[in-house]
Amino acid sequence: MSRPDVRPGLVDAPVAPRYAFGWVALVYAIATLLLAWPALFGGYLFGPDSDQYIAGYAFREFQAQYMREHGGAFPLWNPYLFAGMPYIAAMHGDIFYPTFLLRLILPTDAAMTWSFIAHVWLAGIFTYGFLRAAGVGFGGAVVGGLAYMLSGPIASYVSPGHDGKLYVSALLPLALWCLHRGIRDGRAWATGALALVIGLAVLSPHPQLLQYMLLACGVYALWAAFGGGNDDVRLARPVALRRLALAFGAVLLGGLIGAVQFWPVFEYVDWSPRAGGAGWEHAISYSMPPEELLNAYLPEFTGILNGYWGRNGIHFHSEYVGGAVLLLAGAAFGAAGRTVRRSFVSLWAGVLAVGLLWILGGHTPFYRLVYALVPGTEFFRAPSTMMFVPMFAVAVLAGIGAERVLARQVSRRYLIGWAIVALVVALLATTGALTNLAASIADPSRMDAVFANQGPLLLGAWRALLVVIAIIAVVTVVQMRRVPARVGLWLLLAVVSIDLWSVLRHYWTFSASADVIFASDPAIDYLKQQEQPGRVFTWQTVPAVRRDVMLRYDGLMHHRQRLVYGYHGNHIGRYGILSGDAEGIEGIVTQMGNPNFWHLANIRWMYTDMAEPPFEGAERVAGPATNAAGSIVYLYRLPGDNPAAWVTPAIVKAPDNAVLATLREPAFDVRSAALFDTSAAVQGVQLARAPQPLDLPVTVERWDPGHIVLQLSSAAPAGSALMVSENYYPGWVATADSKPAAIGRAGFSLIGVELPEGARRVELTFTSPRYERGKVVTLAATAAALVLIAAGMLLDRRRRV
């Protein structure tokens, strides 16, 4: 055993064992595997409601395969969704976060599953490390880390598949740990370490949670510098300012580490459907309704997962904190003793209060202030995603409360009060009062869900009461010295673990491997056999037992089929307008009945569960067949040729509104003229009438991600243009017969190439100068952070000598 924690007020407190960090890591690993054990036996975290199932797997498998096939190079263009988009700038998940390395050595589904599991575990490890550094005793730190990692806001990220959110949430305590070492302890290495942590958070990449993390870190940095810290030793102002400046510099350096991801993103902002922000209503969407704060104690109140009746429509995550953790967190208040300073408790109580106001979003006037003052808020939605910050505050308070329990400083009156409250809640559920409250809040259309939830609500309330009784019993036997403090610690850990597991287990849904849930079918096999590319329109009319990733989402991307739409959320905004996607389902239906759009978008196929042809002239070529999700599907060939590229006899330059209106006019033949943007560097002509289309077929020799090779059947006439059914974006370059050719945006959103007279072969390549520059900055900044760590460690060693 190592020397005990020598702290006044820690009477018989459990000492940190030898190799404490290793023991804590083992305990947290066991706690994580309480939820994750199916992964040991071939289970994968692809729940039916997970973004990883409907899109994330396709994104990541594409990257992993591409990198294996191209010597480790990152893909720059995704041609499979929404007529193509830049892979890096449009953001496709953790492209550069270290988890991508795992996907290069493991199957993608296994790598993604273990990335989630590892970060839940790391969230606990980093919280424990921060609490110990901040002065919380061993027992309290162990409880605090467990409370954070297994809490609803953290452990339920696996249900909606929000890996980026989990990464940032796990890194928050590590960043605070680095801040404490740098500001309070004056460790020189902490500057470089903090820069690396911030860089990782930038590369997560989840800018919204990154912003919340930085705000929390800023508050803690100010308190650590000027608030006296937990040791009640105030830093001299010059020292405090110098260390704050180093911390700020570390944040800036961390931002540069993320340049490889966000330098391309900055260019993309104006092309995104979110350009300019989406306004107040968008910003407050998915605010947490105030009544859902009760879910922190009683998650069954608004219903778990598909039993949810609340005002947000969907609810695949959890706010569950648990009666055991809440009781311990409350115990942090009152006579804090001499183990932890009151200002430390007050700091985290303040973070908790502000965080709760923040997550309520538009339900309180407070968020008006946030919207007006916090940059970037107009681009984000779901203020409830800040829940990880108040949850961390609760975990810190729970750790302090556990320390007070183990030091026998909790009053009997406090415990009796908790017992009464828990009993009252159970009685309210039993009498139907909570169901009546729910009925008074819920939308009338959700009344069936409210009353269907009555049974789970009743059981949940009594389960919560048993948890409170159990934690009170543990606290009581510790207070009465019936068990040693070390046994009391194990009992606290057991109750907290069982309590959180009993709820969070519902959110850890495992599936078969990707080879099974994304398996091909005869219709997809038919598509794979086609020599010339054609986009696929997917359409589901019959509800499936589970969400059908092939009929509604990105499943066909796994099979390298180009989709007319798909699921992404940050595709090129102009294509959203052209395709009707920006207008919702009505706009999509309208454009899908427009043959001009079929031609522009290279739509040749419809993959659907409709047994009858969807359009006049459509020909069934495959099906009926059963797909991987269990749906009966058919494949239809749409009427018309609708090639991937075609040559027009004329070039016309016109403003956007005129181009869009012309393209949507059924009388206009899109083969007769290429309608370029007015800024395109091509030579346009004035036409009195549209010329006749050319009989000049174009053969696709290659259509790879970011690389297209096209062969014209005969020499291009003077003044002609090549239209390519792929979205235009800066970075596309063209050559005609190996000589540079002018390229620009045509057809409102697509690629147009001005053809030199006589041209026969056109090659298109997507490049990203911003990615190349960002990569250099990232490598240089990472190297600088590593140098700072090494130099700092050397300097710290010299100081100790």
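Because the structure is a prediction, the values reported are computed rather than measured. (Residues numbered from 1 in each chain as written. Predicted model: local features only at pLDDT ≥ 70, side-chain atom pairs only at ≥ 80, totals over all residues. Heavy atoms only, no water.)

### Details of the overall build of the protein
Line of reasoning, step 1. The helix and strand inventory of the protein stands at 30 helices and 17 strands.
Line of reasoning, step 2. Here the C-alpha atoms of the protein give a radius of gyration of 29 Å, agreeing with the 28 Å that 2.2 N^0.38 yields for 801 residues.
Line of reasoning, step 3. Looking at the protein as a whole, 58% of its 801 residues qualify as buried.
Line of reasoning, step 4. For the protein, the exposed surface amounts to about 31,400 Å²; the carbon and sulfur share of it is 62%.
Line of reasoning, step 5. Distance between charge centroids for the protein: 16 Å, based on 59 positive and 52 negative side chains. (Helix = DSSP H or I, 4+ residues; strand = E, 2+ residues; numbered from the N terminus. Rg over C-alpha atoms; globule rule 2.2 N^0.38 Å. Buried < 20%, exposed > 50% of the residue type's maximum accessible area, 1.4 Å probe, protein only. Areas by Shrake-Rupley, 256 points an atom, 1.4 Å probe, with all protein chains shown as cover. Lys, Arg positive; Asp, Glu negative; His and termini not counted. Charge placed at Lys NZ, Arg CZ, Asp CG, Glu CD.)

### Side note on the sheet that holds strand β5 (residues 619-626)
Line of reasoning, step 1. With mixed pairing, the 4 strands of this open sheet are ordered in space as β3-β4-β6-β5. Among the strands making up the open sheet, the edge pair consists of β3 (535-539) and β5. When the angles between neighbouring strand axes are averaged without regard to direction, this sheet yields 20°.
Line of reasoning, step 2. Taken together, the 5 bridges between β3 and strand β4 (residues 603-608) define a ladder with parallel strand orientation. Within the sheet, the bridge partner assigned to Thr-538 lies in β4 and is Tyr-607.
Line of reasoning, step 3. Running at roughly 130° to β3, helix α27 (residues 585-592) makes contact with β3 and β4 of the sheet. (Pairing = 2+ DSSP bridges. Axes fitted to C-alpha atoms, helices over the stretch in contact; angles between N-to-C directions. Contact = heavy atoms within 4.5 Å.)

### Some words on the sheet that holds strand β17 (residues 761-766)
Line of reasoning, step 1. Spatially, 5 strands are ordered β10-β11-β17-β13-β14 in an open sheet, and the strand pairing comes out antiparallel. Looking at which strands have only one partner, the edges of the open sheet turn out to be β10 (698-704) and β14 (739-741). Along the sheet, successive strands turn relative to each other by an average axial angle of 25°, direction set aside.
Line of reasoning, step 2. Judged from the 3 bridges that link them, strand β13 (residues 732-736) and β14 form a sheet pairing that is antiparallel. Each bridged residue has a counterpart across the sheet, and for Thr-735 the counterpart in β14 is Pro-740.

### Focus on the nonpolar core
Line of reasoning, step 1. Counting residues in hydrophobic clusters, the biggest one holds 280 residues, and the most contacted among them are Phe-130, Met-213, Tyr-220, Trp-348, Phe-388 and Leu-764.
Line of reasoning, step 2. For this core, the element with the highest residue contribution is helix α16 (residues 388-406), accounting for 14 residues. (Core = buried A, V, L, I, M, F, W, Y, C linked by side-chain atoms within 4.5 Å.)

### Re the packing of helix α13 (residues 323-330) against helix α20 (residues 454-479)
Line of reasoning, step 1. For the pair α13 and α20, the least separation of the axes is 8 Å and the interaxial angle reads 45°. Classified by the angle between their axes, α13 and α20 sit oblique to one another. Crossing hand, α13 versus α20: right-handed. The segment α13 lies against α20, with Gly-323, Ala-324 and Leu-327 engaging Val-467, Val-468, Ile-471, Ile-472 and Val-475.
Line of reasoning, step 2. Its residues assigned to classes, the contact of α13 with α20 shows 7 nonpolar, 1 polar and no charged. (Parallel < 35°, antiparallel > 145°, perpendicular 65-115°, else oblique. Left-handed = near helix turned anticlockwise from the far one by under 90°. Nonpolar A, V, L, I, M, F, W, Y, C, P; charged D, E, K, R; others polar.)

### Section: the pattern of salt bridges
Line of reasoning, step 1. Scanning the model with the defined rule gives 18 salt bridges in all.
Line of reasoning, step 2. Across the salt bridge formed by Asp-499 and Arg-463, the nearest N and O atoms sit 3.1 Å from each other. You can see Asp-499 sitting in helix α21 (residues 485-504) and its partner Arg-463 sitting in helix α20, a full 36 residues away along the chain.
Line of reasoning, step 3. Note on Asp-499: relative accessible area 2%, which makes it buried.
Line of reasoning, step 4. With its nearest N and O atoms 2.8 Å apart, the salt bridge here joins Arg-574 to Asp-656. You can see Arg-574 sitting in helix α26 (residues 573-579) and its partner Asp-656 sitting in helix α29 (residues 656-663), a full 82 residues away along the chain.
Line of reasoning, step 5. Taking relative accessible area as the criterion, Arg-574 reaches 16% and is therefore assigned buried. (Salt bridge = Lys/Arg side-chain N within 4 Å of Asp/Glu carboxyl O.)

### Thoughts on unusual backbone geometry
Line of reasoning, step 1. A cis amide bond links Ser-204 to the next residue, Pro-205, at an omega of -25°.
Line of reasoning, step 2. As for its position among the elements, Pro-205 is in the loop between α8 (189-202) and α9 (207-226).
Line of reasoning, step 3. With an omega of 10°, the peptide bond running from Gly-623 to Pro-624 counts as cis.

### Quick look at the environment of Asp-695
Line of reasoning, step 1. Looking at the element boundaries, Asp-695 is found in the loop between β9 (674-676) and β10.
Line of reasoning, step 2. Once the C-alpha coordinates of Asp-695 and Trp-646 are considered, the two residues, 49 residues apart in sequence, prove to be 9.5 Å apart.

### Details of the pairing of β10
Looking down a regular strand, the side chains alternate between one sheet face and the other.
Line of reasoning, step 1. The sheet contact formed by β10 and strand β11 (residues 707-712) spans 6 bridges and is antiparallel. If you follow Trp-703 over to β11, its bridge partner there is Ile-708.
Line of reasoning, step 2. Turn length for the β10-β11 hairpin, with the two strands adjacent in sequence and antiparallel, is 2 residues, and the turn residue Gly-706 shows positive phi of about 80°.

### Considerations on the side chain of Asn-78
Line of reasoning, step 1. Its place among the elements puts Asn-78 in strand β1 (residues 77-78).
Line of reasoning, step 2. Taking relative accessible area as the criterion, Asn-78 reaches 0% and is therefore assigned buried.
Line of reasoning, step 3. At a separation of 3.1 Å, a polar atom in the side chain of Asn-78 contacts the side chain of His-92.
Line of reasoning, step 4. Setting aside residues up to four positions removed in sequence, Asn-78 forms contacts with Phe-62, Gly-84, Met-85, Tyr-87, His-92 and Met-557. (Polar contact = N/O pair within 3.5 Å; in protein donor to acceptor, adjacent residues only side chain to side chain.)

### So, the packing of aromatic side chains
Line of reasoning, step 1. Scanning all chains against the criterion turns up 49 aromatic pairs.
Line of reasoning, step 2. Ring geometry for Phe-130 against Trp-348: centres 6.1 Å apart, planes inclined by 75°, an arrangement best described as edge-to-face. Placement of the pair is Phe-130 in helix α4 (residues 108-133) and Trp-348 in helix α14 (residues 342-360), with a sequence separation of 218 residues.
Line of reasoning, step 3. Each member of the aromatic cluster is reached from another via a ring pair, and the members are Trp-77, Tyr-268, Trp-271, Tyr-728, Tyr-729, Trp-732 and Phe-766.
Line of reasoning, step 4. Note that Arg-505 overlies the ring of Trp-501, its terminal NZ or CZ placed 5.3 Å from the centroid.
Line of reasoning, step 5. It is Arg-574 that lies over the ring of Phe-748; its NZ or CZ is 4.2 Å from the centre. (Phe/Tyr/Trp six-rings, centres within 6.5 Å; stacked < 30°, edge-to-face > 60°. Lys NZ or Arg CZ within 6 Å of the ring centre and 35° of its normal.)

### A word on helix α17 (residues 412-431)
Line of reasoning, step 1. Here α17 spans 29 Å end to end across 20 residues, near enough to the 28 Å set by a 1.5 Å rise per residue.
Line of reasoning, step 2. Along α17, the residues that are buried comprise Leu-415, Trp-418, Ala-422, Val-425, Ala-426 and Ala-429. The buried residues of α17 occupy an angular sector of 95° when projected down its axis, which confines them to one face. Exposed and facing more than 90 degrees away from the buried side of α17 are Arg-412, Arg-413 and Thr-431.
Line of reasoning, step 3. Looking at the buried residues of α17, the elements they touch are α13, α18 (433-441) and α20.
Line of reasoning, step 4. Gly-432 sits one or two residues past α17 and shows a positive phi near 90°. (Expected span 1.5 Å × (residues − 1). Arc of directions from axis to C-beta.)

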